[in-house]
Number of protein chains: 2
Amino acid sequence: MKLEKKVAHFTSPLYLESGRILEPYQISYETYGELNEDASNVILICHALSGSAHAAGLHEEDRKAGWWDGLIGDKKAVDTEKFFVISTNVIGSCFGSTGPMDCNYPNSEPFRLKFPVLTIKDMIKAQKQLLSQLGVHHLKAIIGGSMGGMQALQFAVDYPNFSDKIIALATTYATQPWAIAFNKVAMEAIRRDPRFKNGNYERDDFKESGIDGLAIGRIAGHISYLSPDSMNEKFGRNYVNNDGLFELFGRYEVERYMEYNTNNFSKTFDPLSYLYIVKAINTFNLSRGYDSLYEAVLRIKAETTLISFRGDYLFFPKEMKHLDKMMRRTSQNVSYHEIDSDYGHDAFLVEIDKFDTIIRKKLESL
Amino acid sequence: MKLEKKVAHFTSPLYLESGRILEPYQISYETYGELNEDASNVILICHALSGSAHAAGLHEEDRKAGWWDGLIGDKKAVDTEKFFVISTNVIGSCFGSTGPMDCNYPNSEPFRLKFPVLTIKDMIKAQKQLLSQLGVHHLKAIIGGSMGGMQALQFAVDYPNFSDKIIALATTYATQPWAIAFNKVAMEAIRRDPRFKNGNYERDDFKESGIDGLAIGRIAGHISYLSPDSMNEKFGRNYVNNDGLFELFGRYEVERYMEYNTNNFSKTFDPLSYLYIVKAINTFNLSRGYDSLYEAVLRIKAETTLISFRGDYLFFPKEMKHLDKMMRRTSQNVSYHEIDSDYGHDAFLVEIDKFDTIIRKKLESL
């Protein structure tokens, strides 16, 4: 599989949903496979909250294969022998695309809290600019899970003729208060962390010891990414050490898991980026800008595949079912698949073998 | 209804499950109604994590009626014309009973992190000492929700002949990792808060502006006390102000609710007490000290009423069902009631009208 890592620079303004302008900006992206002559074999991959453009493969500088490496590659469900796959880092993120810690041109100082609030609509608008610059004016498919699924759906609504198919996993048509409440933990924990300094920290402040606020927010996040059943199965009521019972800070296995993952995360992910992306997730609502959800969804022309996971405690299957029902009523080309999984929301990253044949089939017909 | 507020002092040692000793200690409690001559009309009420002895009525110094005032009172389900109701503040808490900010006798300094780790077993042992001191050697019933339900169940297992009936609501037979993970947010948020000073804060440090760590932990708690459906119904996707959409810290109604409740809470509840009580909840496991859960539960002689709420996302109905099934198999006197409620875990505090007739009937036969 041919793998390339690139950064695209844009000097023309990006008009944001808020009315504000981002100019200049850049988008970090990776590509897998080869673009055919008429640029007609392109699939776009969209990442979730903490993701990056590194969706597949193992470049020489990478420590880990991409986050959807099980899905994307030669002869895999998203077959890079056939398709040219593009994966971009969303604007606002901290993995190469323009975000709040980049310079607020023409100043040499970072935006910090002056960075404009972004929405899912803005993220896909930026992606569309990148595709234009690459000479790609039509897509075979857009695939994404969680926030990536929001992007796929928003693409299908805002640019109905742009992609033949969309595949949205573990996501929703509008973020519900349950998910907003989980994000609230992270927002408050970051905002109240004295080392956050109201956004006036320095770039390397958290390299050695991560920022607590982000670690704490991420613990809450991890609850929503798993499920009661998967936690029982993974950890049960086991202690890390035998003294766990009568030591105030003696830990259960489930606690160690949360600490391990979150402490690392809080060293590498930028807290301002986290706030901005979480905000974009919170404000996601397919109906915004249209008369109603019905009117928005009616615009979709792409063949739509909706995949939910039974044990998803963040975006519940009934949210995708609602969309499926709506699209069926208007005889739109939609299919809904509920995967039998107890894993939780992260099943879209972890249990690829449970849904890759669905995606393979959908793409085979192209 | 006759209402009394008292504090009982104990100079004999309380032998804790950890092997440590609490000595001396005190228990703050309230009573409702009147004790009959042979002390045979007593019902014990057990509170949850953030509760106090103030379960019912409105004393002159009270700002609010007790947390189960809808359930307890003259002619109410727990009828104080008939029963003498005792409600105690658990040891470890910060509402009058001995906790980590009390003096570590004979030192005049508070225990702080030297306070012994407590368990649910210890809490009920202390309550039993209080009952002895009051000349109460048998109970008509023990009633509690959430951590209060844990106490009721533990009472029935550890002291099988002590109460005729127990009624446990919205609780479990052993705390599962899902609940431990929610508690982990609070534990880490408090522990990492610089103002917590590793427990070396002063008593009044958080009176003016509450401690952030506890507020953040409480936000996570509130997620687990509600449910996706109740959040949809209460808040939907409404903003507090119209500018909410494009202001990074513009808030949704659900966020305001979380802030309001938690900021107040973090001024009044002691963070060390919170840590110790959360630890007691985490370590709750009816089988500890017995050969198995089966052996523990087999000890129960009290008529057992288990009440779950369909929308409880903290202690799921299937946990109580598991206990019910186990007790049925051994022909113990048990009944299980699943209340049709979307409210979430807090339904046991909020939707009293949905279950008070069950409790009334159980107590009428006494």
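Shown above is the structure to which this text applies.
It should be emphasised that the depicted structure is a prediction, and the values quoted were computed from it without experimental measurement. (Residues numbered from 1 in each chain as written. Chains lettered and ligands numbered in written order. Predicted model: local features only at pLDDT ≥ 70, side-chain atom pairs only at ≥ 80, totals over all residues. Heavy atoms only, no water.)

Draft legend 1. Inspection of the relation of the copies chain A and chain B at higher detail. When chain A is fitted onto chain B, the two copies agree to an RMSD of 0.0 Å after a turn of 180° and an axial shift of 0.0 Å. In symmetry terms, the pair is related by a two-fold rotation axis. For chain A, the smallest separation between a C-alpha atom and the rotation axis is recorded for Ala-220 of chain A, amounting to 3.4 Å. A share of 100% of the interface residues of chain A reappears at the interface of chain B, consistent with the copies meeting face to face through the same patch. (Least-squares fit on C-alpha atoms with pLDDT ≥ 70 in both. Contact = heavy atoms within 4.5 Å.)

Draft legend 2. Summary view of the packing of helix 6 (residues 253-268) of chain A against helix 3 (residues 177-191) of chain B. One way to put it is that helix 6 of chain A packs onto helix 3 of chain B with a least axis distance of 9 Å and a crossing angle of 50°. On the basis of their axis angle, the class for helix 6 of chain A and helix 3 of chain B is oblique. Between helix 6 of chain A and helix 3 of chain B lies a crossing of right-handed hand. Note on element contacts: helix 3 of chain B touches helix 6 of chain A through Pro-177, Ile-180, Ala-181, Lys-184, Met-187, Glu-188 and Arg-191 of chain B, opposite Val-254, Glu-255, Met-258 and Glu-259 of chain A. Across the contact of helix 6 of chain A with helix 3 of chain B, the residue classes tally to 6 nonpolar, no polar and 5 charged. (Axes fitted to C-alpha atoms, helices over the stretch in contact; angles between N-to-C directions. Helix = DSSP H or I, 4+ residues; strand = E, 2+ residues; numbered from the N terminus. Parallel < 35°, antiparallel > 145°, perpendicular 65-115°, else oblique. Left-handed = near helix turned anticlockwise from the far one by under 90°. Nonpolar A, V, L, I, M, F, W, Y, C, P; charged D, E, K, R; others polar.)

Draft legend 3. Representation of the interface of chain A and chain B within the structure. With 61 residues of chain A at the interface, the matching set in chain B holds 61 residues. With both chains or domains summed, chain A and chain B bury close to 5,400 Å², and 71% of this area falls on carbon and sulfur atoms. Our enumeration of links across chain A and chain B arrives at 6 salt bridges. Across the salt bridge formed by Lys-318 of chain A and Asp-229 of chain B, the nearest N and O atoms sit 2.7 Å from each other. Seen at the junction of chain A and chain B, the total is 20 residue pairs in polar contact (both at pLDDT 80 or more). Mapped onto the side of chain A that touches chain B, the elements with two or more residues apiece are helix 3 (177-191), helix 4 (212-225), helix 5 (228-234), helix 6 and helix 7 (271-282) of chain A. Element by element, the count of residues in the side of chain A that touches chain B is highest for helix 3 of chain A, at 11 residues. (Buried area = accessible area lost by both parts, 1.4 Å probe. Salt bridge = Lys/Arg side-chain N within 4 Å of Asp/Glu carboxyl O. Polar contact = N/O pair within 3.5 Å; in protein donor to acceptor, adjacent residues only side chain to side chain.)

Draft legend 4. Focus on the sheet that holds strand 4 (residues 25-32) of chain A. Residue and element names in this part refer to chain A. Overall, mixed pairing links the 8 strands, which are arranged 1-4-8-5-9-10-11-12 in an open sheet. The strands lining the two open edges of the sheet, one partner per strand, are strand 1 (3-10) and strand 12 (334-339). Across the sheet, the mean angle from the axis of one strand to that of its neighbour is 20°, orientation sign disregarded. The pairing of strand 5 (residues 42-46) with strand 8 (residues 84-88) spans 4 bridges and is parallel. (Pairing = 2+ DSSP bridges.)

Draft legend 5. Fine view of the side chain of Glu-255 of chain B. Assignment of secondary structure puts Glu-255 of chain B in helix 6 (residues 253-268). Buried and unpaired, Glu-255 of chain B has Lys-184 of chain A as its nearest opposite-charge partner, separated by 4.1 Å. Within polar-contact distance, the side chain of Glu-255 of chain B engages the backbone nitrogen of Tyr-252 of chain B at 2.8 Å. Contacts of Glu-255 of chain B, omitting those with residues within four sequence positions, involve Ile-180, Lys-184, Met-187 and Asn-282 of chain A together with Gly-250 of chain B. (Buried < 20%, exposed > 50% of the residue type's maximum accessible area, 1.4 Å probe, protein only. Lys, Arg positive; Asp, Glu negative; His and termini not counted.)

Draft legend 6. Here's a closer look at the sheet that holds strand 12 (residues 334-339) of chain B. All names here are of chain B. An order of 1-4-8-5-9-10-11-12 is seen for the 8 strands of this open sheet, with the pairing classed as mixed. Lying at the two open borders of the sheet, with one neighbouring strand each, are strand 1 (3-10) and strand 12. Geometrically, the sheet is characterised by an average inter-axis angle of 20° between neighbouring strands, direction not taken into account. Of the pairings in the sheet, the one linking strand 11 (residues 303-309) to strand 12 comprises 6 bridges and is parallel in character. Residue pairing for strand 12: Phe-309 is matched across the bridge by Ile-339.

Draft legend 7. Quick look at the environment of Gly-51 of chain B. Residue and element names in this part refer to chain B. Position of Gly-51 relative to the elements: it lies in the loop between strand 5 (42-46) and strand 6 (72-73). By relative accessible area, which is 13% here, Gly-51 ends up buried. As a C-alpha pair, Gly-51 and Met-147 span 96 residues in sequence and 9.6 Å in three-dimensional space. Not counting the four nearest positions on each side in its chain, Gly-51 is found in contact with Asn-89, Ser-93 and Phe-95.

Draft legend 8. Representation of unusual backbone geometry within the structure. Looking along the chain, the bond that leaves Glu-23 of chain A and enters Pro-24 of chain A is cis, with omega of -10°. Within the secondary structure, Pro-24 of chain A is located in the loop between strand 3 (21-22) and strand 4. In this model, Tyr-105 of chain B is joined to Pro-106 of chain B through a cis peptide bond whose omega is 5°. Take Pro-106 of chain B: it is sitting in the loop between strand 8 (84-88) and helix 1 (120-133).

Draft legend 9. Broad picture of the pattern of salt bridges. Within this structure, the stated rule accounts for 53 salt bridges over all chains. When the shortest N-O distance is used, the salt bridge between Arg-310 of chain A and Asp-340 of chain A registers 2.8 Å. Within this pair, whereas Arg-310 of chain A is found in the loop between strand 11 (303-309) and helix 9 (317-329), its partner Asp-340 of chain A is found in the loop between strand 12 and helix 10 (347-350), the two being separated by 30 residues in sequence. Residue classification places Asp-340 of chain A among the exposed residues on the basis of a relative accessible area of 55%. In this structure, the salt-bridge partner of Lys-121 of chain B is Asp-158 of chain B, at a minimum N-O distance of 3.2 Å. Of this pair, Lys-121 of chain B sits in helix 1 while Asp-158 of chain B sits in helix 2 (residues 147-158); the two residues are 37 residues apart in sequence, bridging distant segments of the chain. An identical accessibility class is assigned to Lys-121 of chain B and Asp-158 of chain B; each is buried.

Draft legend 10. Representation of the packing of aromatic side chains. Scanning the model with the defined rule gives 44 aromatic pairs over all chains in all. Aromatic pair Tyr-239 of chain A and Tyr-252 of chain A: ring centres 4.2 Å apart, planes at 25°, arrangement stacked. Taken as a pair, Tyr-239 of chain A in the loop between helix 5 and helix 6 and Tyr-252 of chain A in the loop between helix 5 and helix 6 lie far apart in primary sequence, 13 residues in all. Exposure remark for Tyr-252 of chain A: the relative accessible area of 1% places this residue in the buried category. For the ring pair Phe-155 of chain B and Phe-162 of chain B, a centre distance of 5.7 Å and an interplane angle of 15° mean the geometry is stacked. An aromatic cluster of at least three residues, connected via ring pairs, comprises Trp-178, Phe-182, Tyr-313 and Phe-316 of chain A together with Trp-178, Phe-182, Tyr-313 and Phe-316 of chain B. Positioned above the aromatic ring of Phe-265 of chain A is the side chain of Arg-218 of chain A, whose terminal nitrogen or guanidinium carbon lies 4.1 Å from the ring centre. When the ring centre of Tyr-159 of chain B is taken as reference, the NZ or CZ atom of Lys-128 of chain B above it lies at 4.7 Å. (Phe/Tyr/Trp six-rings, centres within 6.5 Å; stacked < 30°, edge-to-face > 60°. Lys NZ or Arg CZ within 6 Å of the ring centre and 35° of its normal.)

Draft legend 11. Layout of the pairing of strand 8 of chain A. Residue and element names in this part refer to chain A. Counting buried residues along strand 8, 5 of its 5 residues qualify, which places the element largely inside the surrounding structure. Side-chain alternation along strand 8 places Phe-84, Ile-86 and Thr-88 on one buried face and Val-85 and Ser-87 on a second face that is also buried. Across 4 bridges, the pairing between strand 4 and strand 8 is antiparallel. Bridge pairing links Tyr-29 to Thr-88 in strand 8.

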